[in-house]
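Observations on chain architecture
Next come the chains, spelled out residue by residue.
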Amino acid sequence: MRRTFGRVVLLGAAAGAAYALLNYLRDSEGARKGDVQIVLDTGATVEPDPAEAQEFADIARKVLEIGGQTR
Amino acid sequence: MAEGGAAGATGAGELEGVLEDLRALSGEVTTAAVLLKDGELEAATLPPGVDRERYAAMLAALAGIARRSSREKGGSSFSQVRIKGEGGHVLLVGLEGGGTLAATTGPDARVGLVLYDMRNTRKEVEKMIGFGEGGQG
């Protein structure tokens with residue numbers, strides 16, 4: 001009985017961890033490093049800050065949506 | 001195929017011809033557009049049914065953020081911007097006078113080649129909107 005209870009607890013913990021990992025991966029679906037690249041008029045290549053990169057990605061997604069490339 | 005824009009003094013029809021040439025040259029370009037500094041859509045080649053106003057507003061927003069980001073990073077503006085999205089890429093090339101040449105591609109496009117073709121098209125576009133060689137400067 002105790003052993004079964006222990007297994008159920010372990011199984012629950014594993015399911016919880018998997019759920020948490022899934023949510024984490026879903027949340028970090030936004031702009032990834034290298035997704036946004038800006039070449040300045042000085043010739044330097046830079047990447048925007050993460051918050052700005054997310055802004056770029058969100059608007060770009062809308063542009064692609066409007067253009068009929070995503071649903 | 002292309003939806004005609006408002007033909008202005010700069011010859012939007014001719015400009016759309018240039019954009020169509022870009023699409024023909026770079027088969028991976030799905031849409032292309034020219035925006036003026038104030039965000040006005042000067043010309044675009046868009047599939048039928050695309051909301052031009054919304055498309056222009058979103059591109060203008062992107063160009064605005066790109067300019068702001070460029071200033072923050074020590075430039076005065078951007079030369080080109082590449083944004084990889086879920087369904088493809090959005091590419092911007094800065095024009096003389098603050099305008100923007102924009103294009104979208106599919107997810108598997110050879111972005112470097114498309115940007116190369118866009119940079120080659122830039123001079124012609126600048127000339128047509130009055131900022132290239134022989135233009136207002």
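In what follows, the accompanying structure is described. Here the residue numbers are simple positions, counted from 1 along each chain's written sequence. Throughout, the order in which chains and ligands are written sets their labels, letters from A for the former and numbers from 1 for the latter. Given that this is a predicted model, residues contribute local features only at a pLDDT of at least 70 and side-chain atom pairs are listed and counted only at 80 or more, while totals for whole chains, interfaces and linings are drawn from all residues. Each side-chain value is derived from all of the structure's non-hydrogen atoms; neither hydrogens nor water enter the calculation.

A look at the nonpolar core
The condition that has to hold: Only buried residues count toward a nonpolar core. Its members are Ala, Val, Leu, Ile, Met, Phe, Trp, Tyr and Cys residues joined through side-chain atoms within 4.5 Å. Burial classes follow relative accessibility: with a 1.4 Å probe on protein chains only, a residue under 20% of its type's maximum area counts as buried, one over 50% as exposed, and anything between as partly exposed. Only DSSP runs of H or I covering at least 4 residues are called helices, and only runs of E covering at least 2 are called strands; the numbering of each starts at the N terminus. Every residue pair with non-hydrogen atoms within 4.5 Å of one another is taken to be in contact.
Membership of the largest hydrophobic core comes to 30 residues, with the highest contact counts inside it found for Phe 56 of chain A together with Leu 59, Leu 62, Val 90 and Leu 92 of chain B. Residue assignment for this core shows that the elements contributing at least two residues are strand S1 (36-40) and helix H2 (50-66) of chain A together with strand S1 (29-35), strand S2 (41-45), helix H2 (52-72), strand S3 (78-84) and strand S4 (89-94) of chain B. Not counting residues up to four positions away in its chain, the partners in contact with Leu 59 of chain B are Val 63 of chain A together with Ala 33, Leu 35, Val 90, Leu 92 and Ala 102 of chain B. Membership of the second largest hydrophobic core comes to 20 residues, among which are Ala 32, Val 34, Leu 115 and Met 128 of chain B.

So, the pattern of salt bridges
Quick note on the threshold: Here, a salt bridge means any Lys or Arg side-chain nitrogen found within 4 Å of an Asp or Glu carboxyl oxygen.
Enumeration according to the criterion identifies seven salt bridges over all chains in this entry. Notably, a salt bridge pairs Glu 20 of chain B with Arg 23 of chain B, separated by 3.9 Å at the nearest N-O pair. Of this pair, Glu 20 of chain B and Arg 23 of chain B are both found in helix H1 (residues 12-25), three residues apart, which corresponds to roughly one turn of the helix. The exposure class of Arg 23 of chain B is buried, given its relative accessible area of 13%. The structure contains a network of salt bridges with shared partners spanning Glu 52 and Glu 55 of chain A together with Arg 68 of chain B.

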